[in-house]
Amino acid sequence: MYQIKLKVGRERSVLRRHPWIFSGAIEKVLEEPGVGETVDVLSHEGDWIARAAYSPNSQIRARIWTWDQEEKVDEEFFWRRIERSVAARRHLALDPHVTAYREVHAESDGLPGVIVDRYGGSLVLQLLSAGAEQWRDVIVESLKGRGDCNGIFERSDVDVRQLEGLPSRTGHLWGDEPIDPLMISEYGLRFRVEIHRGQKTGFYLDQRENRRFVRETIESGEVLDCFAYTGGFTVAALAAGANRVLSIDSSGPALDLVAENVRLNDLPVEDCEWIEGDVFEELRKMRDRGRTFDAIILDPPRFARRSSHVQRAARGYKDINLLAFKLLRAGGFLFTFSCSGAVDMDLFQKIVAGAALDAGVDAAIIGWLGQPSDHPVSLNFPEGRYLKGLACRVMV
Ligand code: SAH
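In what follows, the accompanying structure is described. (Residues numbered from 1 in each chain as written. Predicted model: local features only at pLDDT ≥ 70, side-chain atom pairs only at ≥ 80, totals over all residues. Heavy atoms only, no water.)

1. Here's the deal with the nonpolar core
Put simply, the test is: Note on terminology: a nonpolar core comprises buried Ala, Val, Leu, Ile, Met, Phe, Trp, Tyr and Cys residues joined through side-chain atoms within 4.5 Å. Accessibility here uses a 1.4 Å probe with only protein chains present; expressed as a share of the type maximum, an area under 20% marks a residue as buried, one over 50% as exposed, and anything in between as partly exposed. Secondary structure counts use DSSP, requiring at least four H or I residues in a row for a helix and at least two E residues in a row for a strand, with both numbered from the N terminus. For the domains described, the bounds stem from an automatic or database domain assignment. Note on definitions: a residue-residue contact is assigned when non-hydrogen atoms from the two residues lie within 4.5 Å.
Formed by 40 residues in total, the largest nonpolar core has its most connected members in Y119, I184, I218, V223, V262 and F335. Those elements that provide at least two residues to this core are β12 (182–186), β13 (189–193), α8 (232–240), α9 (252–264), β17 (293–298) and β18 (328–338). Each of two domains, domain 2 (75–182) and domain 3 (204–394), supplies a minimum of three residues to this core. Beyond its immediate sequence surroundings of up to four residues, Y119 is in contact with T99, A100, V124, L182, I184, V193, I195, T201, G202, F203 and L205. F293, I320, A324 and V394 belong to the second largest nonpolar core, which has 38 residues in total.

As C-alpha cells, this is what we get:
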C-alpha cells in the first residue's frame, strides 16, 4: 500500500475528520502513487490515521475516504457509501411531488469529488477529483446495481477538474439515453431540464426549498427574477400569484426554456417578459427609468472562487443589492443569494445591510435561507456550506 507521511502536528486536522490534506502538510510520499490511487496517511510519528485518494497535481493532495483502518476502499465501500447517501434522501424519494434531487453530495456524504443528481429515472454523475475519477467504473456499477434508475449520464465538465489534472468529459454512460430535455417535478411545479448541456447537471437543485419559500411568501404584484436561468424562481413567482414577472439572464439558451416552463405549468406566458442581458446593467437602466417591483430575486453565479476574491465579490453583491433595494416598492420583498463559499452568512448579511443603508431603505430580514437537506454540510467540513440567502421585506 502506498503511504504518505505528514509533517509534525499536521495530523490534527485529519484527526478532526477534515477530509482534505493539502500539499504543504505532507512530509514525504512513499513510492509513487499514481493519480487517484489509494494511500494510507501516517502521522509524522508513523501512526496510521486515514486512507485517502492521492492527487499529485492538486493543492488538495489527498482526499480522505475513511478513518477506519479496517475499512478497505473497494467495490463494497462505494456500494455502502452510495447506499447510505440514497437512504438519507428517503423523504425526497417518497415525495411524489419531488422527482429531482441530489443523491450523493461529495465530501459531505463521505464520497469526496462524487456528485450524483437524480432527474426522475435518469442519474447524472459528476466526478470532480482524481480519486472519484479512479473509481468511476465501480461507482457506475454501484448506481446500476441499485436497480432504481434507467439511465446514467456523465457531466464531468467542470473547471475544478483542471486543478486535478483531469480532462473534461461528458456523455452517455449506461442504460436508456435520457430524453432531452427531460421533465421534472418540484413540489408540483414542472420544469424541462437539459441534462446534456445545461448548467451544473442541468438544474439548480440546491435552490429547491428557496423557490418554495418564495412561492409561499409572495402573493401578487410585479416580480423581477435576476439571474433567472431556465425560470425556476419565475415559475415559482407566477404560481404564487404574481401578476407580472420580468426575467433577466445573460444566457440565451437558458432563457429559451423559460416560456416553455411557464406554459408547462399552465401559467400565463403573456404575463412574462425576458431580457437577455447583464443584470448589473439592466438594474441600472431600470433605476434610471424609475421602474419598480413588488419582489426581486437575486441569484447570481459564484462571485468569489477563493478567499482572495472576497473583496471584489463583496463589491459585486453590494452593487446588485443596492440597486435592487432602490427598485423595490414599500412592502416589497428581496430574496437575495450568494453561492460563494468564501463569503459567509455574517459577511453576506453585512453587505446586504450596507446596501439597504446606502439605498436609503429600511428593511427587515424575514428569513435566513440556505442549502436543502440533499446538499448537506458535514460538521467536519464547513467548506461544504456555500449557498446562503436572505429574504428581506422593505418597511411600509
Ligand atoms: N435562479 C436560477 C439559477 C441561477 S444560476 C434557478 O433557480 O434555476 C446563475 C445564472 O446567472 C446563470 O443562468 C447565468 O447564465 C447567469 N448570469 C451570470 N452572470 C450574469 C450576468 N452578469 N447577468 C445576467 N445573468 C448572468
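Anyway, onward from the coordinates.
2. Quick notes on the packing of α8 against α9
Between two packed helices, what matters for the description is the angle formed by their axes and the separation of those axes. Convention followed: Here, axes are lines fitted to C-alpha atoms. For helices the fit covers the stretch in contact, and angles between N-to-C directions go from 0 to 180 degrees. Oblique is the label for every angle not falling under 35 degrees (roughly parallel), over 145 degrees (roughly antiparallel), or within 65 to 115 degrees (roughly perpendicular). It is the rotation of the near helix from the far one that decides the hand of a crossing: anticlockwise by less than a right angle makes it left-handed, clockwise makes it right-handed. Ten residue types, Ala, Val, Leu, Ile, Met, Phe, Trp, Tyr, Cys and Pro, are classed as nonpolar, four, Asp, Glu, Lys and Arg, as charged, and the remainder, Gly among them, as polar.
Two elements in contact, α8 and α9, have axes whose closest approach is 9 Å; the angle formed by their N-to-C orientations is 30 degrees. As far as their axial angle goes, α9 and α8 are roughly parallel. As α8 packs across α9, the resulting crossing turns out to be right-handed. Of the residues in α9, those in contact with T234, V235 and L238 of α8 are V258, N261 and V262. Each residue belonging to the contact of α8 with α9 can be placed in one class, and the counts come to 4 nonpolar, 2 polar and no charged.

3. Let's talk about the side chain of Q126
Condition: Think of a polar contact as two N or O atoms within 3.5 Å of one another; within protein, one of them needs to be a possible hydrogen donor and the other a possible acceptor, and neighboring residues in sequence only count if both atoms come from side chains.
Topologically, Q126 is positioned in strand β9 (residues 122–127). Polar side-chain contacts of Q126 include one of 2.9 Å to the backbone oxygen of R155.

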